[in-house]
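# An overview of the molecular structure
Letter by letter, the chains look like this.
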Amino acid sequence: MIQVLMYIGITLLTVLVMEFVAWSAHKYLMHGWLWIWHEDHHKPHHEKEGFFEKNDLFFLVFAIPSALSYIIGLATPQRWLLFVGIGISIYGLIYFLIHDVYIHQRFKWFRQLDSRYSRAILRAHGSHHAKTHKEDGESFGLLIVHPKYFKKRSEWNEK
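The notes below deal with the structure included here. Residue positions are given per chain, counting from 1 as you read along its sequence in written order. Thresholds applied to this predicted model are a pLDDT of at least 70 for local features of residues and 80 or more for the giving and counting of side-chain atom pairs; totals over whole chains, interfaces and linings are not thresholded and use all residues. The basis for the side-chain values is all heavy atoms of the structure; hydrogens and waters are excluded.

### A closer look at the side chain of Thr 14
Stated formally: Secondary structure elements are taken from DSSP: a helix is a run of H or I of four residues or more, a strand is a run of E of two residues or more, and numbering for both begins at the N terminus. Note on definitions: a residue-residue contact is assigned when non-hydrogen atoms from the two residues lie within 4.5 Å.
By the secondary structure assignment, Thr 14 is in helix H1 (residues 2–33). Excluding anything up to four places from it in sequence, Thr 14 contacts Phe 83, Val 84, Gly 87 and Ile 88.

What follows is the structure, given as structure tokens:
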């Protein structure tokens, strides 16, 4: 029973840590030397051609460590790595559903989310996309949202 709880803990901790890994990768890699992949994601929708973006290559950047964790965790006594891989996969699924499906509407699955938190996520991501260049970005995370985004835009600069 303790081992099961430990594996659940490792999985949940990995999901949480992935928000910070994704934030760091977004700020320092995607808006840094890998801007060449990420730039098309900041272009207005009408300027894009086709369904896919170069930015979609980042799926592989995160899928490869997850897959390796599965493989090593199943093939060696380091079983805990399997649950790290599962945590990365869960975060990837959450990211896909919130970022690609809900925010960018690349799939028309759920458009009717309306809660204080979902509106804050939309405001934060909208603020991020207000910048079309790699510099001066803000709001690089996805799930952890700065408190200002829970307010209406008109209230952001009020003291």
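Still more ground to cover, so stick around.
### Remarks on the layout of surface pockets
Cut-off, in case you're wondering: A pocket, in this scheme, is an open set of points on a 1 Å grid over the protein atoms alone with protein on both sides within 12 Å along at least 5 of 7 lines, while a cavity is a set where a 1.4 Å probe fits but cannot get out; residues line either one if an atom lies within 4 Å of a point. Grid points are joined across faces, edges and corners, and a volume is the space filled by probe spheres set on the points.
Quantified by volume, the largest pocket comes out at close to 650 Å³. For the largest pocket, the lining is made up of 30 residues, of which Phe 58, Phe 59, Phe 62, Gly 92 and Tyr 95 are closest to its centre. Among the elements of the structure, H1, helix H3 (58–75), helix H4 (80–103) and helix H5 (116–129) are those that each provide at least two residues to the lining of the largest pocket. In terms of residues, the lining of the largest pocket owes the most to one element, H4, which gives 9 residues.

### Overview of the packing of H4 against H5
Cut-off, in case you're wondering: Axis definition: a line fitted to C-alpha atoms, limited for helices to the stretch in contact. Angles are taken between N-to-C directions and run from 0 to 180 degrees. Angles below 35 degrees are treated as roughly parallel, those above 145 as roughly antiparallel, those between 65 and 115 as roughly perpendicular, and all remaining angles as oblique. As a working rule, the residues Ala, Val, Leu, Ile, Met, Phe, Trp, Tyr, Cys and Pro are called nonpolar, Asp, Glu, Lys and Arg charged, and the rest polar, with Gly in that last group.
Their axes nearest at 12 Å, the elements H4 and H5 cross at an angle of 75°. The orientation of H4 relative to H5 falls into the category roughly perpendicular. For the pair H4 and H5, contact is made by Ile 98, His 99, Tyr 102 and Ile 103 and by Ser 118, Ile 121, Leu 122 and His 125, respectively. Taken together, the residues that form the contact of H4 with H5 break down as 5 nonpolar, 3 polar and no charged.

### Quick notes on the nonpolar core
The condition is simple: For our purposes a nonpolar core is just a set of buried Ala, Val, Leu, Ile, Met, Phe, Trp, Tyr and Cys residues, chained together by side-chain atoms within 4.5 Å. Relative accessibility thresholds used throughout: buried, under 20% of the residue-type maximum; exposed, over 50%; partly exposed, between the two (1.4 Å probe, protein chains only).
Grouped together as the largest cluster of nonpolar side chains are 20 residues, with contacts concentrated most on Tyr 91, Ile 103, Val 145 and Tyr 149. Filtering out sequence-adjacent residues up to four positions away, Tyr 91 remains in contact with Val 15, Met 18, Glu 19, Ala 22, Leu 142 and Leu 143.

### Re the side chain of Asn 55
For Asn 55, the position within the fold is in the loop between helix H2 (35–38) and H3. A relative accessible area of 11% places Asn 55 in the buried class.

### As for empty space enclosed by the protein
The full count for this structure, using the stated rule, is 1 cavity of 30 Å³ or more. Empty space within the largest cavity amounts to approximately 40 Å³. Around the largest cavity sit Ile 121, Ala 124, His 125, Ser 139, Gly 141, Leu 142, Ile 144 and Val 145, which together line it. Each residue belonging to the lining of the largest cavity can be placed in one class, and the counts come to 5 nonpolar, 3 polar and no charged.

### As for the environment of Lys 148
Mapped onto the elements of the fold, Lys 148 is located in the segment after H5. If we skip the residues at most four places from it in the chain, Lys 148 touches Glu 138 and Trp 156.

### So, the environment of Ser 69
Using the following cut-off: By the criterion applied in these results, polar contacts are pairs of N or O atoms within 3.5 Å in which, for protein atoms, one can donate a hydrogen and the other can accept it, and in which residues neighboring in sequence qualify only through two side-chain atoms.
Inspection of the secondary structure assignment puts Ser 69 in helix H3. In the structure, Ser 69 is positioned 11 residues away from Trp 80 in sequence and 8.8 Å away in space, judged by C-alpha atoms. A distance of 2.9 Å separates a polar side-chain atom of Ser 69 from the backbone oxygen of Pro 65.

### Here we look at the packing of aromatic side chains
The line we're drawing: Only Phe, Tyr and Trp rings are paired, with Trp represented by its six-membered ring, and only when their centres lie within 6.5 Å; those with planes under 30 degrees apart are stacked, over 60 edge-to-face, the remainder tilted. Two limits define a charge over a ring: the Lys NZ or Arg CZ must be within 6 Å of the ring centre, and within 35 degrees of the ring normal.
Per the counting criterion, the structure on display carries 11 aromatic pairs. Summarising the aromatic geometry, the rings of Phe 51 and Phe 52 are spaced 5.2 Å apart at their centres and angled 90° between planes, so their arrangement reads as edge-to-face. Overall, Phe 52 belongs to the exposed group, its relative accessible area being 64%. Each ring, one from Tyr 91 and one from Tyr 95, has its centre 6.2 Å from the other, and the planes form 40°; the classification is tilted. In this pair, Tyr 91 and Tyr 95 both sit in helix H4, 4 residues apart, roughly one turn of the helix. In this structure Tyr 91 comes out as buried when scored by relative accessible area, which is 4%. Three or more aromatic residues joined by ring pairs form one cluster here, namely Phe 51, Phe 52, Phe 96, Phe 107 and Trp 109. In this structure, Arg 106 is placed above the aromatic ring of Phe 51, and the distance from its NZ or CZ to the ring centre is 4.9 Å.

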